[in-house]
Amino acid sequence: MEHSMALILAAGEGTRMKSRKAKVLHEICGMSLLEWVHHSVKKAGIKKTVVVVGHKAEEVKEKMGDQVGYAFQKEQLGTGHAVMQAQDHINNNEGHILVLCGDTPLISSETISEAVNFHKTYNNSATIITAEFQEPEGYGRIVRDESGAVKKIVEHKDAKDDEKNIKEINSGMYCFNAKDLKTALAGLSNNNSQGEYYLTDTIEILLNGGKNVGAYKVGDNKEVLGINDRVQLAYASGIIKNKILENIMRNGATIIDPTSTYIDWGAKVGADTVIYPSTFIRGKTQIGENCTIGPGTTIEDCKIACGARIINSVVCKSIVDENTNIGPFAYIRPGSHIGREVKIGDFVEIKKSKIGDGTKISHLTYVGDAEIGKNVNLGCGVVVVNYDGQKKNKTVVGDNSFVGCNVNLISPVEVGDNAYVAAGSTITDSVPENSLAIARERQIIKADWVTKRGTPKKGK
């Protein structure tokens with residue numbers, strides 16, 4: 001939106017969260033509260049955003065980076081004081097300033113767009129974003145005259161009985177004409193019991209100055225809900241989570257139990273994929289078509305190709321190619337690339353490794369910092385010993401090789417194509433292609449050893 005700027009208030013401490021973390025940095029479905037507000041601002045087409053920071057300012061800046069500008073509120077002396085700190089960002093002569101709260105993650109881009117358009121259409125100096133609640137306890141009320149024009153905002157504690165019956169409330173979000181906002185800010189006073197500067201007082205200043213003030217009522221009152229404690233955070237999380245899951249299901253994926261499935265906003269799930277209960281899909285994960293995910297599975301920042309099947313497992317920051325089976329109880333750690341039609345079975349851990357197409361690692365095996373070729377079989381209990389106490393080393397196993405049960409591959413080491421490693425071996429030297437490596441003690445039988453030693457037999 002040309003000549004529009006969003007000003008997001010995010011300086012408060014949020015003591016009711018009882019957290020060492022800034023309130024606006026608490027997350028819902030992979031994004032912080034502040035990021036949700038900014039996401040809606042960007043989607044509404046507003047290109048410039050300034051965030052007013054204060055409590056935990058450096059943490060907030062680290063999260064938002066250079067996506068936004070910043071104003072600093074050293075002391076939290078009210079919402080009006082917060083906006084005052086951003087005056088250098090406000091154009092004196094033109095434009096519209098949308099003031100939003102950093103703890104209202106449910107505000108939609110559609111509401112933002114409609115509120116700004118309403119503000120422009122009626123040539124308002126200020127537009128209050130309002131909502132209607134059947135039980136508006138604690139909210140400031142919007143008092144209108146007989147024609148429906150805004151007369152004033154009255155706080156709940158100051159409201160008369162008839163005013164307390166008003167259902168329309170002030171959300172604490174506004175759209176201002178930039179020049180009129182600066183004029184009103186100059187007239188603010190902190191002559192009140194709290195010694196603070198209230199942004200609501202700008203409305204009275206503008207009305208007394210003969211300016212036009214309107215109110216845009218949102219269609220869904222949930223959009224203006226602020227997050228003040230963990231209970232409200234969970235409530236808002238449920239609303240956003242359900243919207244994400246509904247969108248995924250409408251695009252062709254099946255979610256068996258939405259109540260126990262959690263998918264971050266940035267994730268994508270292909271058509272005909274089935275997601276079973278107790279599954280978490282986090283970050284920017286992309287899952288292809290015809291996959292089976294879960295139950296009891298966590299996938300974070302991964303690319304999962306079509307036809308993959310991942311059951312009761314954890315996969316992080318890795319790539320899984322087509323028609324591969326993982327689990328149950330497997331752990332794929334960051335930096336891994338699992339090829340096509342691979343089998344990763346129970347109690348297998350893969351770390352920062354490449355696994356070739358058609359390879360089978362069926363159970364009880366650890367592979368770290370390795371490159372395993374195509375059509376390889378790693379038997380039960382194989383361990384790639386990648387750490388020497390100081391640094392990580394690499395193991396390479398060639399195509400079509402067979403590594404027997406309970407083998408230790410001491411990195412750095414290479415096993416050539418079409419090679420065999422006998423069960424129980426500890427391999428410290430490279431194995432040439434087409435070779436059999438045996439690295440264990442030869443079995444010795446000592447006949448009648450028990451009798452000669454005189455060891456008594458157990459029994460009655």
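Scroll up to find the structure.
Residues numbered from 1 in each chain as written. Predicted model: local features only at pLDDT ≥ 70, side-chain atom pairs only at ≥ 80, totals over all residues. Heavy atoms only, no water.

Asker: I'd like a description of the overall build of the protein, backed by residues and values.
Answerer: Assigned secondary structure in the protein consists of nine helices and 39 strands. In summary, the protein has a C-alpha radius of gyration of 32 Å against a globular reference of 23 Å for 460 residues, an excess of more than 25%. Taking the principal axes of its C-alpha atoms as reference, the protein extends roughly 110 × 50 × 40 Å. Across the 460 residues in the protein, those meeting the buried criterion constitute 47%. Pairs at least 24 apart in sequence give 40% of the contacts found in the protein among residues at least 6 apart. Roughly 23,200 Å² of accessible area belongs to the protein as shown, and the carbon and sulfur atoms make up 47% of that amount. (Helix = DSSP H or I, 4+ residues; strand = E, 2+ residues; numbered from the N terminus. Rg over C-alpha atoms; globule rule 2.2 N^0.38 Å. Buried < 20%, exposed > 50% of the residue type's maximum accessible area, 1.4 Å probe, protein only. Contact = heavy atoms within 4.5 Å. Areas by Shrake-Rupley, 256 points an atom, 1.4 Å probe, with all protein chains shown as cover.)

Asker: Before we move on, can you summarise the pattern of salt bridges with the specific residues and values?
Answerer: Under the definition given, this model contains 15 salt bridges. Note that Lys211 and Asp180 form a salt bridge whose closest N and O atoms lie 3.7 Å from each other. Here Lys211, found in the loop between helix H7 (200–208) and strand S11 (213–217), pairs with Asp180, found in helix H6 (residues 178–186); they are 31 residues apart in sequence, far enough to count as distant. When its relative accessible area of 39% is taken as the criterion, Lys211 is described as partly exposed. For the salt bridge of Lys391 with Asp388, the shortest nitrogen-to-oxygen distance reads 3.5 Å. You can call Lys391 partly exposed: its relative accessible area is 49%. Residue classification places Asp388 among the partly exposed residues on the basis of a relative accessible area of 42%. (Salt bridge = Lys/Arg side-chain N within 4 Å of Asp/Glu carboxyl O.)

Asker: Help me get a handle on the packing of helix H1 (residues 33–43) against helix H2 (residues 57–64), residues and values and all.
Answerer: Across the interface, H1 lies against H2 with an axial gap of 11 Å and an inter-helix angle of 45 degrees. By the angle between their directions, the pair H1 and H2 is classed as oblique. The element H1 and its partner H2 pack so that their crossing is right-handed. Residue-level inspection shows Leu34, Glu35 and His38 of H1 in contact with H2, the latter providing Val60, Lys63 and Met64. (Axes fitted to C-alpha atoms, helices over the stretch in contact; angles between N-to-C directions. Parallel < 35°, antiparallel > 145°, perpendicular 65-115°, else oblique. Left-handed = near helix turned anticlockwise from the far one by under 90°.)

Asker: An account of the sheet that holds strand S20 (residues 303–304) is needed here, citing residue identities and associated values.
Answerer: Here nine strands make up an open sheet; going across it, the order is S14-S17-S20-S23-S26-S28-S30-S33-S36 and the pairing parallel. Strand pairing shows two members of the sheet lacking a second neighbour, strand S14 (268–269) and strand S36 (413–415), which therefore form its edges. Note: strand S30 (residues 370–372) against strand S33 (residues 395–397), three bridges, orientation parallel. Residue pairing for S33: Ile372 is matched across the bridge by Val397. (Pairing = 2+ DSSP bridges.)

Asker: Go over H2, please, and point to the residues and values.
Answerer: Think of an α-helix as turning once every 3.6 residues; residues three or four places apart then point the same way. For H2, the full list of buried residues reads Ala57, Val60 and Met64. Projected down its long axis, H2 shows its buried positions confined to an angular sector of 65 degrees, all on one face. Exposed positions of H2 whose direction lies more than 90 degrees from the buried face are Glu58 and Glu62. Just downstream of H2, Gly65 is the residue with a positive phi angle, here 60 degrees. (Arc of directions from axis to C-beta.)

Asker: Any chance you could break down H6 for me, citing the residues and the numbers?
Answerer: Of all the positions in H6, only Ala178, Asp180, Leu181, Lys182, Ala184 and Leu185 are classed as buried. In the core, the buried residues of H6 are packed alongside helix H3 (79–84), strand S6 (96–101), strand S10 (168–177) and H7. Looking at where H6 begins, the residue whose side-chain oxygen comes 3.1 Å from the main-chain nitrogen of Lys179 is Asn177. (Polar contact = N/O pair within 3.5 Å; in protein donor to acceptor, adjacent residues only side chain to side chain.)

Asker: Tell me about the environment of Ile372, and name the residues and values.
Answerer: Positionally, Ile372 belongs in strand S30. Separated by 55 residues in the primary sequence, Ile372 and Ile427 place their C-alpha atoms 15 Å from one another. If we skip the residues at most four places from it in the chain, Ile372 touches Lys354, Ile355, Gly356, Thr359, Val367, Leu378 and Val397.

Asker: Can you tell me about the state of the cysteines, naming the residues and giving the values?
Answerer: On inspection of all chains with the given rule, the structure shows zero disulfides. Here Cys29 stays unpaired: no disulfide links it, and the sulfur of Cys316, its closest cysteine neighbor, is 18 Å away. In this structure Cys29 comes out as buried when scored by relative accessible area, which is 16%. (Disulfide = S-S within 2.5 Å.)

Asker: Report on the pairing of strand S9 (residues 150–154), specifying residues and quantitative values.
Answerer: With four bridges connecting them, strand S8 (residues 141–144) and S9 associate as antiparallel partners. Across the sheet, the residue bridging to Val143 is Lys152, located in S9. Following S8, the chain reverses through five residues before pairing antiparallel with S9; Gly148 in that reversal takes a positive phi of roughly 95 degrees.

Asker: Please set out the pairing of strand S16 (residues 279–282) residue by residue, giving values where relevant.
Answerer: By the alternation rule, side chains of S16 split into Thr279 and Ile281, which are all buried, and Phe280 and Arg282, of which none is buried. Of the pairings in the sheet, the one linking strand S13 (residues 261–263) to S16 comprises three bridges and is parallel in character. In the sheet register, Tyr262 faces S16, and the bridge partner there is Phe280. Bridge count between S16 and strand S19 (residues 298–300): three bridges; the pairing is parallel. Bridge pairing in S19 places Arg282 opposite Glu300.

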